[in-house]
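Structure at a glance
Each chain is listed here by its residues.
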Amino acid sequence: MRILHLLASPFFSGPAENLALLALAQREAGHEVTVAVDRRRRDIPAEEPAVPRLRELGLLDEEGLELSVKSPPWSLWRDWRRLKARAVDVVHSHFSHDHLLARWGRPEGAVLVRSLHAPRSLRSSLPAADAYTVPASSLLPRMRELGRVARVLPALVDARFHPAKDKQALRRELGLEGTPVVGMVSTFQPSRRHAVGVEAFALYRKARADARLVLVGDGGLVARTQQHVEALGLSPWVTFAGYRQGDDFARWLSALDEVWLLGLGNDWSARAAAQARACGVRVVAVDEGALPDLADARVSEPTPEAVARAALSGERSPVEHPSNARIAEDILALYTRARSPEGR
């Protein structure tokens, strides 16, 4: 199949990384795959740009689509004409701008698949497509109610995420003391519930006095969280590791014994949980998005007591997260179903 992914974003973050891994797995399965992204916005100092990374991976579409929410009407018209003239079998759109363009500029004979990355996109007025993907199994019943063909697109995991060869040596290198080492890996914002995590750690230490808490990430609530840690007298046992990315992030994650994921942002595929599982790290998580599918121990309600109780339970899930190849196979099967007369 000839597959064109559309992602109206200039950033290699959020859904972009998952999309790139999916496209690579589809290409490895023998298909022709390219990814078109926003080529208009170039001044993006705060985040990694998508164009260089996708070009390095050999995935960047170079057929002239601007694909930007900042495009003037004449550029949108040009994108519509260029997309309409493309010879592809599948157009897989990932953001609302992409879907609007693809809905009216769908190449002749191509099927249109749309990925929803958060529940806010799931509504009765959902624009038409031949098939959809959702980030969590909990959203499938609603798609069936709407009469839409859908499949879960789980988080894919880069090969850099794997168990540490020598976890103790890695911890010494990172300056981490204590055991077990518990982590939270997310932006410091209200939805991630760092305050709950800090209070849960205070309870957790009553049973695990040598435990260490590692907080990886940055954001607007770092200072407040630091004050909270100090107020509870936890400073000697809490490490603020700051923002980490790429191989550095993978090393910090693989140094943990378990990770607490107490909330999600815009991407409900819960990629951090899948990455932790790939590193052999136990996952304690709330019931949001895809987290229940990836958790070893589920938190019934986001309270410090519930988090500490789940963490101390020792539960391990026997369910393995699917490989990137298996996920690509499932999405390719969705394309095939969408292309068949019965699937439309």
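Heads up: the structure comes first, above all this text.
All of the points below concern the structure found in this document. Predicted, not measured: the structure shown is a model, and the values here were computed from it.

Attention now moves to the overall build of the protein. When you go through the protein residue by residue, the secondary structure sums to 13 helices and twelve strands. The C-alpha radius of gyration of the protein comes to 21 Å, within 12% of the 20 Å expected for a compact globule of 344 residues. In the protein, which comprises 344 residues, the proportion classed as buried is 53%. Taking all contacts inside the protein whose residues are at least 6 apart in sequence as the whole, residues at least 24 apart take part in 65%. When the accessible area of the protein is evaluated, it comes to approximately 15800 Å², of which 49% is carbon and sulfur surface. In the protein, which carries 47 positive and 42 negative side-chain charges, the distance between the mean positions of the two groups comes to 4 Å.

Counting along an α-helix, one turn takes 3.6 residues, and residues three or four places apart therefore face a common direction. All of the buried residues along helix H8 (residues 222–231) are Thr225, His228 and Val229. Down the axis of H8, the buried set is contained in an arc of 100°. They therefore lie on one face. More than 90 degrees from the buried face of H8, the exposed residues found are Arg224, Gln227, Glu230 and Ala231. Of the surrounding secondary structure, the elements contacted by the buried residues of H8 are helix H7 (194–204), strand E8 (212–216) and strand E9 (238–242).

Here the second largest pocket defines a volume of roughly 220 Å³. Taken together, 13 residues make up the lining of the second largest pocket; nearest its centre are Ala274, Arg277, Ala278, Glu320 and His321. It is helix H10 (residues 271–278) that provides the largest number of residues to the lining of the second largest pocket, a total of three residues.

Turning next to the packing of aromatic side chains. According to the stated counting rule, one finds five aromatic pairs in the structure shown. Summarising the aromatic geometry, the rings of phenylalanine 188 and phenylalanine 240 are spaced 6.2 Å apart at their centres and angled 25° between planes, so their arrangement reads as stacked. With phenylalanine 188 in the loop between strand E7 (181–185) and H7 and phenylalanine 240 in strand E9, this pair connects stretches of sequence that are 52 residues apart. Ring plane angle 25° and centroid distance 6.5 Å describe the contact between phenylalanine 201 and tyrosine 204, whose orientation is recorded as stacked.

The tally for this structure, following the rule as stated, stands at 21 salt bridges. Across the pair arginine 142 and glutamate 145 runs a salt bridge, and its minimum N-O distance is 3.1 Å. Of this pair, arginine 142 and glutamate 145 both sit in helix H5 (residues 140–145), three residues apart, roughly one helical turn. Judged by relative accessible area, arginine 142 falls into the partly exposed class, the value being 33%. Where salt bridges share partners, they join Glu173, Arg244, Asp248 and Arg251 into one cluster.

Here is what the cut-offs are and how they apply
Residues numbered from 1 in each chain as written. Predicted model: local features only at pLDDT ≥ 70, side-chain atom pairs only at ≥ 80, totals over all residues. Heavy atoms only, no water. Helix = DSSP H or I, 4+ residues; strand = E, 2+ residues; numbered from the N terminus. Rg over C-alpha atoms; globule rule 2.2 N^0.38 Å. Buried < 20%, exposed > 50% of the residue type's maximum accessible area, 1.4 Å probe, protein only. Contact = heavy atoms within 4.5 Å. Areas by Shrake-Rupley, 256 points an atom, 1.4 Å probe, with all protein chains shown as cover. Lys, Arg positive; Asp, Glu negative; His and termini not counted. Charge placed at Lys NZ, Arg CZ, Asp CG, Glu CD. Arc of directions from axis to C-beta. 1 Å grid on protein atoms, 1.4 Å probe; cavity = no way out; pocket = protein on both sides within 12 Å on 5 of 7 lines; lining within 4 Å. Points joined across faces, edges and corners; volume = space filled by probe spheres on them. Phe/Tyr/Trp six-rings, centres within 6.5 Å; stacked < 30°, edge-to-face > 60°. Salt bridge = Lys/Arg side-chain N within 4 Å of Asp/Glu carboxyl O.

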